[in-house]
Amino acid sequence: MQVCSPVPWFPFLASGAKITNENWKGLGVSRPRFFYTPKIFKNNDARFYARGILPWVKNICRDWQPDVLDAHFVWPDGVGVSLIAKNLGIPYVITLRGKLFECMKEPSQVRQCAEALKGAAAVISVSSGLAEAAIELGADPARVSVIPNGVDAENFNIKDKNTCRKDLGLPEDKKILVTVAHLGHRKGHHEVIRALAGLPEDVCLILVGGPAQGGTHETIMAEAKKSGVEKRVILAGPQPYDQVARYFSTADASVLASYREGCPNAVLESLACGTPVVATDVGAVRDILPVPGAGCIVPRKQVEPLKEGIKKVLSTKWNSESVLEASKVKSWEQVAIEVATVFQQI
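Residues numbered from 1 in each chain as written. Predicted model: local features only at pLDDT ≥ 70, side-chain atom pairs only at ≥ 80, totals over all residues. Heavy atoms only, no water.

Student: Looking at this model, I keep getting lost on the overall build of the chain. Mind explaining?
Tutor: A tally of helices and strands in the chain yields 14 helices and 15 strands. Relative to the 2.2 N^0.38 estimate, which gives 20 Å for 346 residues, the radius of gyration of the chain is 22 Å and therefore close to what a compact globule would have. Along the first, second and third principal axes, the C-alpha atoms of the chain reach 65 × 45 × 40 Å. A fraction of 67% describes how many contacts in the chain between residues 6 or more apart in sequence connect residues 24 or more apart. Carbon and sulfur atoms provide 52% of the accessible area of the chain, an area that totals close to 17,100 Å². Between the mean site of the 41 positive side-chain charges and the mean site of the 36 negative ones, the chain shows a separation of 6 Å. (Helix = DSSP H or I, 4+ residues; strand = E, 2+ residues; numbered from the N terminus. Rg over C-alpha atoms; globule rule 2.2 N^0.38 Å. Contact = heavy atoms within 4.5 Å. Areas by Shrake-Rupley, 256 points an atom, 1.4 Å probe, with all protein chains shown as cover. Lys, Arg positive; Asp, Glu negative; His and termini not counted. Charge placed at Lys NZ, Arg CZ, Asp CG, Glu CD.)

Right, here's the structure in full:
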């Protein structure tokens, strides 16, 4: 297997040096650059992507002929790889991870995505909703497989709640809600904070994640102050990978109020830790969050249903083992086997 992780490049915004090779746990990763124009000519991104990585693919093919090209995200990756695959006569697979719905707003991108999906030897989707959208655009239903994301089961597993709270210096006598997401506006943190204002005083919210477009520590705390809950909101910031699992394990429930998602890892990782989830009805949430066995699904961008959903989950007595069992979360290894099976069928 060869891994290609292309790097977008624009001469006035980034270094001109090419990033070529890297080693990750014994796996070689190449990072060729492709021309990328910020904000303009976005309908050409896939063509620029293809031109950028075609020399790398041709170089690989001199000594080793791949059986299949595997592209993740339909835009620009999937469309770009489809152009290369057709040029070289190699079958290709596209894995849908949520970008398709964004492309639906642009007629040119929709046409390019539809052509790429029609020509794919297989389409893997992380959600049934994305799979249905792909089929509507012309993907062969017989070639579409729904395979949600998996989790690193060695890290995300059931841990003792009180021990984790002590280790992280968190209150042991409070009801704790945890959200793991960047602070960008589309993650719905403002709605969660407003919902928190309608919950009992012993409920606090921990946000694990760093600043992003439309959201900083300052904007989040300004909303908390406006809602009168600034003393009940803890900004933990970005955390090391192994610590994220501990934060999930401290919680009485995790909350993800996103406006859009593909297959949100935060939901899967919370469930793998035995922590019930309140999530908005976006992306693959209906596929991966069984209700009422492991949590509650609410409409997006609505404070009142979110508040009531959190109330319901917090008032329920949960057993971590039962949450994990109900969720049927898969490990990375299990998902890899399912994906490999698709490749073998090709």
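Student: Can you walk me through the environment of Val68 in this structure?
Tutor: Of note, Val68 is situated in the loop between helix H1 (45–63) and strand E6 (69–72). A residue is classified by how much of its surface remains accessible, and Val68, at 22% relative accessible area, is partly exposed. Remark: the alpha-carbon pair of Val68 and Phe343, spanning 275 residues in sequence, is separated by 7.6 Å. Apart from residues no more than four positions distant in its own chain, Val68 is found in contact with Ile90, Pro91, Tyr92, Val93 and Ile346. (Buried < 20%, exposed > 50% of the residue type's maximum accessible area, 1.4 Å probe, protein only.)

Student: It is not clear to me how the packing of aromatic side chains should be interpreted in this structure. Could you clarify?
Tutor: Going through the model one piece at a time under the given rule, you end up with seven aromatic pairs. Measuring from centroid to centroid gives 5.1 Å for Phe35 and Phe48, while their planes differ by 85°, and the two rings are edge-to-face. Linking Phe35 in strand E5 (residues 33–35) with Phe48 in helix H1, this pair joins segments that are 13 residues apart in sequence. Sitting over the ring of Tyr36, Lys42 keeps its end group 3.6 Å from the ring centre. A cation over a ring is seen here: Lys301 above Tyr259, with NZ or CZ 4.7 Å from the ring centre. (Phe/Tyr/Trp six-rings, centres within 6.5 Å; stacked < 30°, edge-to-face > 60°. Lys NZ or Arg CZ within 6 Å of the ring centre and 35° of its normal.)

Student: Which parts of the structure should I look at to understand the side chain of Thr280?
Tutor: Mapped onto the elements of the fold, Thr280 is located in strand E14 (residues 277–280). Polar contacts involving the side chain of Thr280 include one to the main-chain carbonyl oxygen of Ser258, which spans 2.7 Å. Apart from residues lying up to four places away in sequence, Thr280 is in contact with Leu256, Ala257, Ser258, Val285, Ile297, Val298, Pro299 and Arg300. (Polar contact = N/O pair within 3.5 Å; in protein donor to acceptor, adjacent residues only side chain to side chain.)

Student: What is the right way to look at the side chain of Asp45 in this model?
Tutor: Within the secondary structure, Asp45 is located in helix H1. Within the structure, Asp45 has its side chain in polar contact with the side chain of Lys42 (distance 3.2 Å). Dropping the residues within four chain positions of it, Asp45 is found in contact with Tyr36, Trp75 and Pro76.

Student: For this particular structure, what's the right way to read unusual backbone geometry?
Tutor: Outside of glycine, negative phi angles account for most residues, and trans bonds account for most peptide bonds. With an omega dihedral of -5°, the bond running from Trp75 to Pro76 counts as a cis peptide bond. With respect to the element layout, Pro76 can be found in helix H2 (residues 74–88). The residue after Val291, namely Pro292, is reached through a cis peptide bond having omega 5°. One non-glycine residue, Lys25, adopts positive backbone phi at about 50°. Structurally, Lys25 can be placed in the loop between strand E3 (21–24) and strand E4 (27–30). You will see that Phe73, though not glycine, has its phi angle at about 75°, which is positive.

Student: Please explain H1 as it appears in this structure.
Tutor: Note that an α-helix has 3.6 residues per turn; residues three or four places apart therefore point the same way. Here H1 is 19 residues long and its end C-alpha atoms lie 29 Å apart, about the 27 Å a rise of 1.5 Å per residue gives. Every buried residue belonging to H1 is among Asp45, Ala46, Phe48, Tyr49, Ala50, Gly52, Ile53, Trp56, Val57 and Ile60, and all of these are buried. Looking at the buried residues of H1, the elements they touch are strand E1 (3–4), E4, E5, H2 and helix H4 (107–119). (Expected span 1.5 Å × (residues − 1).)

Student: Explanation requested: the packing of H1 against H2 in the structure shown.
Tutor: How two helices sit against one another is set out by the angle between their axes and by the gap between those axes. Axis separation between H1 and H2 bottoms out at 8 Å; the angle between their running directions is 50°. Relative to H2, the element H1 lies oblique. Viewed along their axes, H1 and H2 form a crossing whose handedness is right-handed. On H2, the residues touching Asp45, Ala46, Arg47, Tyr49, Ala50, Ile53, Leu54, Val57, Lys58 and Cys61 of H1 are Trp75, Pro76, Asp77, Val79, Gly80, Val81, Leu83, Ile84, Asn87 and Leu88. Partitioned by chemical class, the residues of the contact of H1 with H2 number 14 nonpolar, two polar and four charged. (Axes fitted to C-alpha atoms, helices over the stretch in contact; angles between N-to-C directions. Parallel < 35°, antiparallel > 145°, perpendicular 65-115°, else oblique. Left-handed = near helix turned anticlockwise from the far one by under 90°. Nonpolar A, V, L, I, M, F, W, Y, C, P; charged D, E, K, R; others polar.)

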